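Observations on the model geometry
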Amino acid sequence: MIRKLSILLVVLAAFGGTVSAYSWWDTLQVTQSETLTIGEGTDLVLAVNATAPAGKVLVPDGVVLGVNDVDEIVLSYDVNLSKEAQSDLELNTSVSNLLIDGDDTYISYVVIDVTPSTVDINDDTITVTVTVTLTEPLTEVIYNAVVNGDITFDLTFNAS
């Protein structure tokens, strides 16, 4: 009886360790996401702070990645209309007021890709993906100013 109980405990511990390891690994792959509902002709402006996952550092695209480095931050927004329209509307998504640590000196090194930036929308939900990356700076001074900086911007959604 004790032997069977011991075997059962070993199997449960092994299973629990596998689930815990998978859960921990899965948290490293998290994409930040949000659901938004907008009305026709209205601008919905979000103040976005693109931050790397906890314990990670956003580094320029193309550099050798260290254990705690990431080369992109992915944000996802599910957008839908507040009510169905008689015909499709055009959803436009744009970026403005880009800053790194509250400064616009080195914003040319930040690349923000919005996919799709323009799309037809009506009674469906559209997923808009925003990918933030850094290009490789020319000097160490610029690198230190942009690497893992606090990247903020406004993301504007408009359906018209």
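Our subject is the structure listed above.
Just so we're clear, the structure is a prediction, and the values are computed from it rather than from any experiment. (Residues numbered from 1 in each chain as written. Predicted model: local features only at pLDDT ≥ 70, side-chain atom pairs only at ≥ 80, totals over all residues. Heavy atoms only, no water.)

Next up on the list: the overall build of the protein chain. Secondary structure assignment for the protein chain yields two helices and ten strands. Counting from the amino terminus, the protein chain carries its helices and strands in the arrangement α-β-β-β-β-β-β-β-β-β-α-β. For the protein chain, with 160 residues in total, the buried portion stands at 30%. Long-range contacts, defined as pairs at least 24 residues apart, comprise 74% of the intrachain contacts of the protein chain with a sequence gap of at least 6. Carbon together with sulfur atoms contributes 55% to the accessible area of the protein chain, which is approximately 9,900 Å² in total. (Helix = DSSP H or I, 4+ residues; strand = E, 2+ residues; numbered from the N terminus. Buried < 20%, exposed > 50% of the residue type's maximum accessible area, 1.4 Å probe, protein only. Contact = heavy atoms within 4.5 Å. Areas by Shrake-Rupley, 256 points an atom, 1.4 Å probe, with all protein chains shown as cover.)

Moving on to the environment of Pro-60. Among the structural elements, Pro-60 can be located in the loop between β3 (57-58) and β4 (69-70). Once the C-alpha coordinates of Pro-60 and Tyr-109 are considered, the two residues, 49 residues apart in sequence, prove to be 8.5 Å apart. Beyond its immediate stretch of four places on either side in the chain, Pro-60 contacts Asp-71, Leu-134, Thr-135, Glu-136, Pro-137 and Tyr-143.

The omega torsion of the bond from Thr-115 to Pro-116 falls at -15°, within 30 degrees of zero and hence cis. Its place among the elements puts Pro-116 in the loop between β7 (110-115) and β8 (118-121). Although it is not a glycine, Asn-97 sits at a positive phi angle of roughly 55°. Inspection of the secondary structure puts Asn-97 in strand β6 (residues 89-100).

For the structure shown, the criterion picks out two aromatic pairs. Ring plane angle 65° and centroid distance 5.8 Å describe the contact between Tyr-77 and Phe-157, whose orientation is recorded as edge-to-face. Remark: Phe-157 occurs in strand β10 (residues 151-159) and Tyr-77 occurs in strand β5 (residues 73-81); sequence separation between them is 80 residues. The class of Tyr-77 is buried, set by a relative accessible area of 5%. Residue classification places Phe-157 among the buried residues on the basis of a relative accessible area of 0%. Between Tyr-106 and Tyr-109, the aromatic rings sit 6.4 Å apart at their centres with planes inclined by 50°, giving tilted as the arrangement. Judged by relative accessible area, which is 25%, Tyr-106 ranks as partly exposed. Residue class for Tyr-109 comes out buried when judged on its relative accessible area of 12%. (Phe/Tyr/Trp six-rings, centres within 6.5 Å; stacked < 30°, edge-to-face > 60°.)

Another point: the sheet that holds β10. Strand order in the open sheet formed by four strands is β2-β10-β6-β8, with antiparallel pairing between adjacent strands. If you trace the sheet from one side to the other, it starts and ends with β2 (43-50) and β8, each paired once. Averaged over all adjacent pairs, the angle separating strand axes in this sheet is 25°, with direction ignored. (Pairing = 2+ DSSP bridges. Axes fitted to C-alpha atoms, helices over the stretch in contact; angles between N-to-C directions.)

Turning next to the nonpolar core. Tyr-77, Ile-151, Phe-153 and Leu-155 are the most contacted members of the largest nonpolar core, which has 31 residues in total. When contributions to this core are tallied by element, the ones reaching two or more residues are β2, β5, β6, β7, β9 (126-134), α2 (140-146) and β10. In this structure Phe-153 touches Leu-46, Ala-47, Val-48, Ala-50, Leu-75, Val-95, Ser-96, Asn-97, Leu-98, Ile-112, Val-130 and Val-132, once residues within four positions along its chain are discounted. (Core = buried A, V, L, I, M, F, W, Y, C linked by side-chain atoms within 4.5 Å.)

Turning next to a negative patch on the surface. Together, Glu-84, Asp-88, Glu-90, Asp-120, Asp-123 and Asp-124 make up a region of like negative charge exposed at the surface. The topology assignment puts Asp-123 in the loop between β8 and β9. (Patch = residues over 30% accessible without salt bridge, like charges linked within 9 Å, V, L, I, M, F, W, Y side chains within 5 Å. Salt bridge = Lys/Arg side-chain N within 4 Å of Asp/Glu carboxyl O. Lys, Arg positive; Asp, Glu negative; His and termini not counted. Charge placed at Lys NZ, Arg CZ, Asp CG, Glu CD.)

As a further point, take the side chain of Asn-158. Looking at the element boundaries, Asn-158 is found in strand β10. Among the polar contacts listed, one links the side chain of Asn-158 to the side chain of Ser-160, at a separation of 3.2 Å. (Polar contact = N/O pair within 3.5 Å; in protein donor to acceptor, adjacent residues only side chain to side chain.)

These figures come from the coordinates and say nothing about function on their own.
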